[in-house]
Amino acid sequence: MKRTGTKDVKEKPNPTRESLVLIVDDDPTARDLIRVTLSREGHHLVYAANGSQALAKARELTPDLILLDVMMPDINGFEVCRRLRTDPLLGQVPIVMITALTDRDARLQGIEAGADDFISKPLDPAELRARVRTITRLNRYRLLRERAVFEQLVKVLPDGLVITDAEGVVQLVNPTMLRMLAVDEEGDVVGKELLTFVAPQGSAALSTCIRDVVAAAPEATQAETWFIRSDGKRFAAEINARHLTWQGEPAAQIIVRDATERKLAEEKLHAYAQQQTALYTIASTVAASSLKPDELLADALDVVLNVLDADAGWVVLPGSTEETPSRVVASRAVPASLLADGTPPTSDKLAQAGLREHVSIPLSAGDGVLGVMEIAWRQPYSCTEADRSLLTAISQQLGLALRNAQLYQSALQVDRLQVLNELDQALVATLDPQEVAHIALHRIAEALDAPTGTLLLIPPHPNAGVEIFTVNGERIEAPPCDDLPRRLRDSREALLLSGDKLSQIAFSCELVEQWGSSALVIPVRDEDDLVALLALGGRPDSRPFTDEERALAQAVASRARQAIQNARLYQASQQQSARLATLNAISAAA
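The rules we used
Residues numbered from 1 in each chain as written. Predicted model: local features only at pLDDT ≥ 70, side-chain atom pairs only at ≥ 80, totals over all residues. Heavy atoms only, no water. Helix = DSSP H or I, 4+ residues; strand = E, 2+ residues; numbered from the N terminus. Buried < 20%, exposed > 50% of the residue type's maximum accessible area, 1.4 Å probe, protein only. Contact = heavy atoms within 4.5 Å. Areas by Shrake-Rupley, 256 points an atom, 1.4 Å probe, with all protein chains shown as cover. Salt bridge = Lys/Arg side-chain N within 4 Å of Asp/Glu carboxyl O. pLDDT = per-residue confidence, 0-100. Pairing = 2+ DSSP bridges. Axes fitted to C-alpha atoms, helices over the stretch in contact; angles between N-to-C directions.

Q: What's the story with the overall build of the protein in this structure? I'm lost.
A: Across its full length, the protein holds 16 helices and 22 strands. When each of the 590 residues of the protein is scored for burial, the buried share is 44%. Counting contacts in the protein only where the partners sit at least 6 residues apart, residues at least 24 apart contribute 58% of the total. In the structure as shown, the protein presents an accessible area of about 29600 Å², 51% of it carried by carbon and sulfur atoms.

Q: Explanation requested: the environment of Phe-545 in the structure shown.
A: Within the fold, Phe-545 resides in the loop between strand E22 (529-537) and helix H16 (547-589). Looking at Phe-545, the relative accessible area reads 8%, which means it is buried. Along the primary structure Phe-545 and Leu-520 are separated by 25 residues, whereas in three dimensions their C-alpha atoms are 7.3 Å apart.

Q: How should the pattern of salt bridges be read in this particular structure?
A: If charged atoms from side chains of opposite charge come close, those side chains can pair. All chains considered together, the criterion is met by 18 salt bridges. For the salt bridge of Asp-294 with Arg-327, the shortest nitrogen-to-oxygen distance reads 3.8 Å. Remark: Arg-327 occurs in strand E14 (residues 327-332) and Asp-294 occurs in helix H9 (residues 293-307); sequence separation between them is 33 residues. Judged by its relative accessible area of 34%, Asp-294 falls in the partly exposed class. If you follow the salt bridges from partner to partner, you end up with Asp-25, Asp-69 and Lys-121 in one network.

Q: For this particular structure, what's the right way to read the confidence of the model for the protein?
A: Keep in mind that low pLDDT regions are not for reading the predicted coordinates in detail. Mean pLDDT over the protein: 80, with 86% of residues reaching 70 or higher. When mean pLDDT is compared element by element in the protein, strand E4 (residues 44-48) scores highest at 92, while strand E1 (residues 2-4) scores lowest at 36. Long-range and interchain partners of residues 1-16, a stretch whose pLDDT sits below 50, account for 41 contacts in this model, where long-range means more than four residues apart. In the predicted structure, residues 507-513 sits below a pLDDT of 50 and forms 17 contacts with residues beyond four places in sequence or in another chain.

Q: Any chance you could explain unusual backbone geometry here in plain terms?
A: Glycine aside, the phi torsion of most residues is negative, and most peptide linkages are trans. Of note, the amide linkage connecting Lys-121 to Pro-122 takes the cis form, showing an omega dihedral of 0°. Along the polypeptide, Pro-122 turns up in the loop between strand E7 (117-120) and helix H5 (125-156). We note that Thr-62 has phi near 50°; this positive angle belongs to a residue other than glycine. Among the secondary structure elements, Thr-62 is positioned in the loop between helix H2 (51-61) and strand E5 (65-69).

Q: Whenever I open this one, the sheet that holds strand E10 (residues 221-228) confuses me. Can you help?
A: Whenever strands of a sheet pair, they do so through backbone hydrogen bonds, lying parallel or antiparallel. One open sheet holds the five strands; their spatial order is E9-E8-E12-E11-E10, and the pairing between them is antiparallel. A strand with exactly one partner marks an edge of an open sheet, and here the two such strands are strand E9 (170-173) and E10. For this sheet, the mean angle separating the axes of adjacent strands, direction not counted, is 30°. Sheet strands in contact with helix H7 (residues 200-214) are strand E8 (160-165), E10, strand E11 (234-246) and strand E12 (249-258), and its direction is about 140° off that of E10. The strands that helix H8 (residues 260-288) touches are E10, E11 and E12; relative to E11, the one it contacts most, it runs at about 135°.

Shown next, in the form of structure tokens:
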């Protein structure tokens, strides 16, 4: 034993030390003869009087050579030999069988059992010494080769390797593990408990892992834990531990794989999935809510408070004129005294009410801000990058919903506006971009009594072709529409074009339709990007599109944009989940 660090560390196996020879014979006289014969050869001799003792001592000591008598009372030598050969830790130990049997069948039986050589009784001391000397020398060379291979594998292993004793004290560590721990010297790790380098929340899992494998668990034990580097930083790791006999004693061989990148990918995917779930919940709530702005905002506020785990919230809308003050149209868990005059509370009043943190979510639609949703917490709130992304998406989603609700209220006299609510219900039921396009086009064409209509769905990638949907249910794939007029590409409002002009545009996309003298074209935008073009026409000259119909078509296009965006995000999420599942399967297989 030698002292290193804070714990006793066993000497590493040394193939040049004296050979350990296990002598198995039930005859004390025979054992004494062998002892006298080999005592001056520099071997360390141990003895077993029967087959059961032989198996126990072999597993305990892992000898370099076994001299095994055949004729024993409990378990004969052939059976002992067979059992040793099936043991993964003892299967390579040389076995010389000692027997008085000289017939050919007995020797064949020994060879079948796995014996390497035979010595016949009565023993010839000179022959015995020569056989033992030759076998131990060959075995020593084999151990040297195996040791060299082992050390080379330890050095080049891409994962961390640690061997600990039954108490969890590190006996060996490879260079990869030293780099993981940001440690330069092997002595800074060897001799210390492995748990010294493990974060408190991961120590229990690793301790259980070591305990199980040291107890000779038949299968490898896997776990996840957190290691602490010498600079104090932590990293996640996957642990794969197996039982090992180290210097004749039970130990644990632990493979450590850095799981930091996988953990980060999982966290990002989890945050993305949470964001998409939150947005879908908000969209579903808004779609099922009343189209009265105040009621819609109250329903949305309930959902947002739950999604953000907030304590209170309120929604402020501007007055109808510049002289009219802003007003609170919906609130939750805000003290009545703060809203007594109907105006938004100040930061000082919020602090006095115990609301320490709050964020403002502008309800944006296009280039304008229609109102503000205020969310407050009683405890400190740290806004992460994922939170900011979610707040931005909520801002756009609720802003669009609010604008649509206000549009609906301002145009109640047009009976066809009921199509918006029906469209919402239909769009909520699908996350397929093609179905969204078909539904939106069919509903608006039917509501406006437009015989001719198309929706050009522009893919997110500029070089990809467009999809064209028609009112009669056709779907046409066409090359990219690179020649769309600048007026269409840059516009954010509905446009009226002549039928001839629109036919030229449609013809460039390999579609010919009868548009009539006047056609309505609505660019569908996602902020700065053109997502789709909705075109309606075919009506007689006596029935041009009215301002109310243009407003309705604009609203449908906006809802279609949001539904298409949600559908594409959902498909991207599904693809990302599939890729992560594949990576996890590959990692588990490795």
